[in-house]
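Geometric and topological summary
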Amino acid sequence: MEQVKILVVEDEVIVARTIANQLNQLGYTVIGTASSGKVAIAKAFESKPELVLMDVILKGEMDGITAASQIREQLDIPVIFLTAYGDDNTVQRAKVTQPFGYVIKPFTSKDLRIAIEIGLLKHNLERDLRENRDRLATLLNSMSDAVIATNEQGIVTFINPAAELITGWKQADALGKDISKIFRLIDEVTETSLENPVTKVLRDGQVVYLDEFTSLITKNGSRIPIGDSASPIMRQPGQINGVVVVFWNLSERQQAQLLEQALHKERELNQLKSLFISTVSHEFRNPLSVIQSSVELLEMQGENLTAAKKHTYLKRIKGAIQSMKKLMEDVLFMGKSEAGKLECHPSSLYLEEFCRELIAEFTTIHHSGSEIIFNCHSDRTDACMDEQLLHYIFTNLLTNAVKYSPEGGNIFFDLTCNLMEKVAIFHIQDQGIGIPEADQARLFESFYRASNAQSIPGTGLGLVIVKKCVEAHKGQISINSQVGIGTTFTIILPLNYIPNVMNK
Ligand code: ATP
Ligand code: MG
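As the structure is a prediction and not an experimental result, all values here were calculated from the model.

As for the overall build of the protein
- Summing up its helical and strand segments, the protein has 15 helices and 19 strands in all.
- Computed over the C-alpha atoms, the radius of gyration of the protein is 45 Å, more than 25% above the 23 Å expected from 2.2 N^0.38 for a compact globule of 504 residues.
- Across its three principal axes, the protein shows a C-alpha extent of roughly 140 × 60 × 40 Å.
- By residue count, 41% of the 504 residues in the protein fall in the buried class.
- Surface accessibility of the protein: about 29,200 Å² in total, with carbon and sulfur atoms responsible for 54%.
- Between the centroid of the 50 positive side chains of the protein and the centroid of its 61 negative side chains there is a distance of 4 Å.

Set out below in structure tokens:
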């Protein structure tokens, strides 16, 4: 172990030498002696001892106490006083310099050793404590969470810069004030003041967290939504010595979250756009090549073409044009609704009449092998809805019912008007392939197609369009389906929906 370096300050030369000898024998290194306060300070600066033994009474202008205080302040070297006096005045003055010990003359080597070791230990402990305190202060001052500490009476003893910023209270004004002045909370929903978390912690001795929708009232009376936790400070179990409140400005976090959500949405939209373009161009390619090959065959066979073949080719061309037209319409519809331009223009209509006409038209155009059985369960079916949007809804659902059913399967179309609830309920039920449960939740996503439908042509836009039309009426759509048994779509629409112009 390295020897401790000590400076001895004693104006009696013989005494100084004796002490130096004692110290050497005890294993310390005496780096010098000084007989006046001034010389002592100069030697301390020059040789940086780890400890100074200082006689209280020194000859000359400067006594030991003044010299000790300068050495301590400027060099942070612990000083132990050597004194023959125990009078109050001397002790009082010596105390101010925060000495690390006293040795009363005459003293033995043992007294000296004990005083030196305790002095060094005390100095090391103090330094560690100071370093820890500085580290903690730096941490608290630089952290983005706001921190306020109180004593056991709820009086503010600490407030960090982040807390100053949120509360509007400067440290100088906040320290010593009751926490209820600095940290006032209000419930944003009920508009009532909330119990101060510090009071709660002091009473219950447990960590407290804030409820949602809590705001802090700042010094200038404005409100800031915050989240917080308050914890007791306990030096011994069961004894609360104070409370630490950690809180943060939720509006900043909320803004960051909103921004993150917006970016996420933007990313999703971009992905959707790419998917849209690739799927749509792919879907156009099929009917286009059908048209191209049919036209080529028509040209090649020219005069030799039989009427039957001509009919087949023309039918193929018509079918391809039809599917391109539908896709075109779907894409235009999606574009319109994505741009927020999907408007609902309700007009008076009789739903029973409307449905019967729609089914007749559908059957004529589609010539499907399935029969659509319509049932109306209400006498009064007058309503106010957007006919064009209704058309989209039922044409798409009927197309699906036909497309995903074996030929000849029945399709049931039911209408009920509930005048009490002021809603119309539509069921479209088929006996087709059904939809696997795992796919059902994603059917209303653009281009999503169930795993059992991949071999059947389709783009995966129909149900998205249906949902948008239902939502434009503030209605609801639900599915009930079992693979191999069939599918029922239920649509509930308000009988008389009046769109809010402001919401458009
Ligand atoms: P399109 O855009 O041409 O309508 P699509 O029919 O594939 O193409 P949607 O109408 O949106 O797209 O339907 C999405 C998916 O839901 C379908 O691919 C199919 O898997 C499933 N589906 C919809 N209706 C039925 C039904 N009645 N029976 C079984 N599956 C269905
Ligand atoms: Mg469809």
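Description of the site of ligand 1
- Near ligand 1 you find 21 residues, and of these Tyr404, Asp430, Arg449, Leu461 and Leu463 are the closest.
- Contact distances for ligand 1 include 2.8 Å between a nitrogen atom and a side-chain N or O atom of Asp430.
- Within the side chain of Arg449, one N or O atom sits 2.6 Å away from an oxygen atom of ligand 1.
- When isolated, ligand 1 has an accessible area of 590 Å², and the protein chains bury 98% of it.
- Residues belonging to the shell around ligand 1 are distributed by class as follows: 10 nonpolar, seven polar and four charged.

Overview of the side chain of Ser446
- Looking at the secondary structure, you find Ser446 in the loop between helix 14 (437–440) and helix 15 (462–472).
- Contact partners of Ser446, with chain neighbours within four places excluded, come to Leu272, Met334, Gly460, Leu461 and Val464.

Focus on the packing of aromatic side chains
- Tallied over the full model, the rule gives five aromatic pairs.
- The interplanar angle of 70° and the centroid separation of 4.5 Å between the aromatic rings of Phe333 and Tyr392 together place this pair among those described as edge-to-face. Residue Phe333 is located in helix 11 (residues 307–338), and its partner Tyr392 is located in helix 13 (residues 387–403); the two are separated by 59 residues in the primary sequence.
- A relative accessible area of 5% places Phe333 in the buried class.
- In this structure Tyr392 comes out as partly exposed when scored by relative accessible area, which is 23%.
- Among the aromatic side chains, those forming a connected cluster through ring pairs are Phe374, Phe394, Phe413 and Phe426.
- A cation sits over an aromatic face here: Lys219 above Trp169, 4.8 Å from the ring centre.
- Looking at Lys467, its charged tip hangs above the ring of Phe444, at a distance of 5.4 Å from the centre.

Side note on the domain arrangement of the protein
- Taken domain by domain, the protein comprises domain 1 (5–139), domain 2 (144–249), domain 3 (255–338) and domain 4 (347–494).
- The gap between the C-alpha centroids of domain 2 and domain 3 is 63 Å.

Analysis parameters
Residues numbered from 1 in each chain as written. Chains lettered and ligands numbered in written order. Predicted model: local features only at pLDDT ≥ 70, side-chain atom pairs only at ≥ 80, totals over all residues. Heavy atoms only, no water. Helix = DSSP H or I, 4+ residues; strand = E, 2+ residues; numbered from the N terminus. Rg over C-alpha atoms; globule rule 2.2 N^0.38 Å. Buried < 20%, exposed > 50% of the residue type's maximum accessible area, 1.4 Å probe, protein only. Areas by Shrake-Rupley, 256 points an atom, 1.4 Å probe, with all protein chains shown as cover. Lys, Arg positive; Asp, Glu negative; His and termini not counted. Charge placed at Lys NZ, Arg CZ, Asp CG, Glu CD. Near = heavy atom within 4 Å. Polar contact = N/O pair within 3.5 Å; in protein donor to acceptor, adjacent residues only side chain to side chain. Nonpolar A, V, L, I, M, F, W, Y, C, P; charged D, E, K, R; others polar. Contact = heavy atoms within 4.5 Å. Phe/Tyr/Trp six-rings, centres within 6.5 Å; stacked < 30°, edge-to-face > 60°. Lys NZ or Arg CZ within 6 Å of the ring centre and 35° of its normal. Domains from an automatic or database assignment.

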